[in-house]
Amino acid sequence: MAATSEEQPAVNKNKRHRKEKPWDTDDIDHWKIDTFQPADNKGGVFTEESSFATLFPKYREKYLREVWSAVTKVLDPHGIACTLDLVHGSMSVRTTRKTFDPYIILKARDVIKLLARGVAITQAQKVLEDDVACDIIKIGNLVRNKERFVKRRQRIIGPDGSTLKAIELLTQCYVLVQGNTVSVMGPYKSLKEVRRIVLDCMKNIHPIYRIKELMIRRELAKDPKLATESWDRFLPQFRKQHLKTSEKTSKKNEKLAAKEEARKAAGLDASSSARKEKPAKKVYTPFPPPQQPRKVDLQLESGEYFLKPHEREAREVQQRKQKQADATLKRRAERAEVFVAPQEEAAPTVEEKRKRRHEVDGDDGTARSKKKKKDNAAEDT
């Protein structure tokens, strides 16, 4: 008994009833999505018809009319019928008796949505694949100001489309900015990234921050050692610092102190005199301030209280007109000041020039004569 107990390995209690599966090998990809074939539809023909319709703008009519045969050719293998209504300006898709995939009608709806938003048929038909999805992001009502909206929408595209190209390369998506919407096509995970970038851009967060983060994530994903670790220490933290009032005051005081030290080191002491003098504090008194007169008291003093309503209104109108007239006169005087010629000094006449010269010569002559007398007196002594 002891020998048999030693030979049998200890089995985990939770895995006691598990059996080996020889058909389940390591080379099988459990996450692979197989294409839906007609044989997979066990229910047969659909009992009811499903349909979707969407409107398209007038400028897309010409293009849709040209490519509608190609749209029909793309949807026909999946058993989807499509119609183009030029009178009402709409496109519609519906299931037929040949349709075998129950989800393909939703993919066909996405195709006509993308066509209405300006995507070419060569690109829109890729949505019919299983690993490709689409997302139409509405940005028209995120910014009220029209100029600001256009500026931020252009920020998504970037100079010469460089920002849009970077987003497409990093997310493996197709992005089209058209009017008030942004159409995106690509893998499901990447659609969330693009939506985040677009919405943040409309909230005044530049796409370059998200692009930088995606580039760092892309490089970190290549390192197998970091697969089980947190990437927060590698990612940049772009956050606005909202300082408290006390922190702002302390920073301001530090700057002023540094400036004052620099001025002292340079031998200047003008900062103390340049400061504004604080108003003197009022003397504290326990008594309350005197009560202000009421509106009725003021009317009694001026005699307005005893006027009739129509007389009071006439008085108010007259005061208003007088005020307007004073303001008009003041404005006119300000405008007239511009046209007043400045006082110019007239050029001196010939006689005035002669007088000035005689005065200057006379002063010099007296000064010279005084100097000569002093010199002579010094020589005599």
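The model shown is predicted, which means the values in this text are computed figures rather than measured ones.

Participant: How should I be thinking about a positive patch on the surface in this particular structure?
Facilitator: Residues K353, R354, R356 and R357 make up a contiguous surface patch of positive charge. Along the polypeptide, R357 turns up in helix α13 (residues 350–380). Under the relative-accessibility criterion, R357 is labelled exposed at 57%.

Participant: What's the story with the packing of aromatic side chains in this structure? I'm lost.
Facilitator: The description of an aromatic ring pair uses the distance of the two centres, along with the angle that the planes make with each other. If you walk through the whole model with that rule in mind, you get two aromatic pairs. Judged by centre distance (6.5 Å) and plane angle (5°), the rings of F36 and F100 are stacked. One end of the pair, F36, is in the loop between α1 (2–7) and β1 (51–55); the other, F100, is in the loop between β3 (90–95) and α3 (104–116), with 64 residues separating them in the sequence. Under the relative-accessibility criterion, F36 is labelled partly exposed at 32%. A centroid spacing of 5.6 Å and a plane angle of 90° characterise the contact between Y305 and F306, whose relative ring orientation is edge-to-face. Judged by relative accessible area, Y305 falls into the partly exposed class, the value being 41%. F306 sits in the exposed class, given a relative accessible area of 62%. Just above the ring of F52 sits the side chain of R109; from NZ or CZ to the centre is 5.3 Å.

Participant: How do you make sense of the layout of surface pockets when you look at a structure like this?
Facilitator: Unfilled space is identified by rolling a water-sized probe across the atoms. There is about 300 Å³ of room inside the second largest pocket. As for the second largest pocket, its lining consists of L169, L170, T171, Q172, K189, S190, E193, L214, R217, R218 and W231. Here the lining of the second largest pocket is composed, by residue class, of four nonpolar, three polar and four charged.

Participant: Would you mind showing me how to read unusual backbone geometry here?
Facilitator: What you tend to see is this: most non-glycine residues have negative phi, and most peptide bonds are trans. Phi at D160 takes a positive value of approximately 60°, unusual for a residue other than glycine. Counting through the fold element by element, D160 comes out in the loop between α5 (146–157) and α6 (162–171). Given a relative accessible area of 86%, D160 falls into the exposed group. With a phi close to 60°, Q172 is a non-glycine residue in the positive phi region.

Calculation notes
- Residues numbered from 1 in each chain as written.
- Predicted model: local features only at pLDDT ≥ 70, side-chain atom pairs only at ≥ 80, totals over all residues.
- Heavy atoms only, no water.
- Patch = residues over 30% accessible without salt bridge, like charges linked within 9 Å, V, L, I, M, F, W, Y side chains within 5 Å.
- Areas by Shrake-Rupley, 256 points an atom, 1.4 Å probe, with all protein chains shown as cover.
- Salt bridge = Lys/Arg side-chain N within 4 Å of Asp/Glu carboxyl O.
- Lys, Arg positive; Asp, Glu negative; His and termini not counted.
- Charge placed at Lys NZ, Arg CZ, Asp CG, Glu CD.
- Helix = DSSP H or I, 4+ residues; strand = E, 2+ residues; numbered from the N terminus.
- Buried < 20%, exposed > 50% of the residue type's maximum accessible area, 1.4 Å probe, protein only.
- Phe/Tyr/Trp six-rings, centres within 6.5 Å; stacked < 30°, edge-to-face > 60°.
- Lys NZ or Arg CZ within 6 Å of the ring centre and 35° of its normal.
- 1 Å grid on protein atoms, 1.4 Å probe; cavity = no way out; pocket = protein on both sides within 12 Å on 5 of 7 lines; lining within 4 Å.
- Points joined across faces, edges and corners; volume = space filled by probe spheres on them.
- Nonpolar A, V, L, I, M, F, W, Y, C, P; charged D, E, K, R; others polar.

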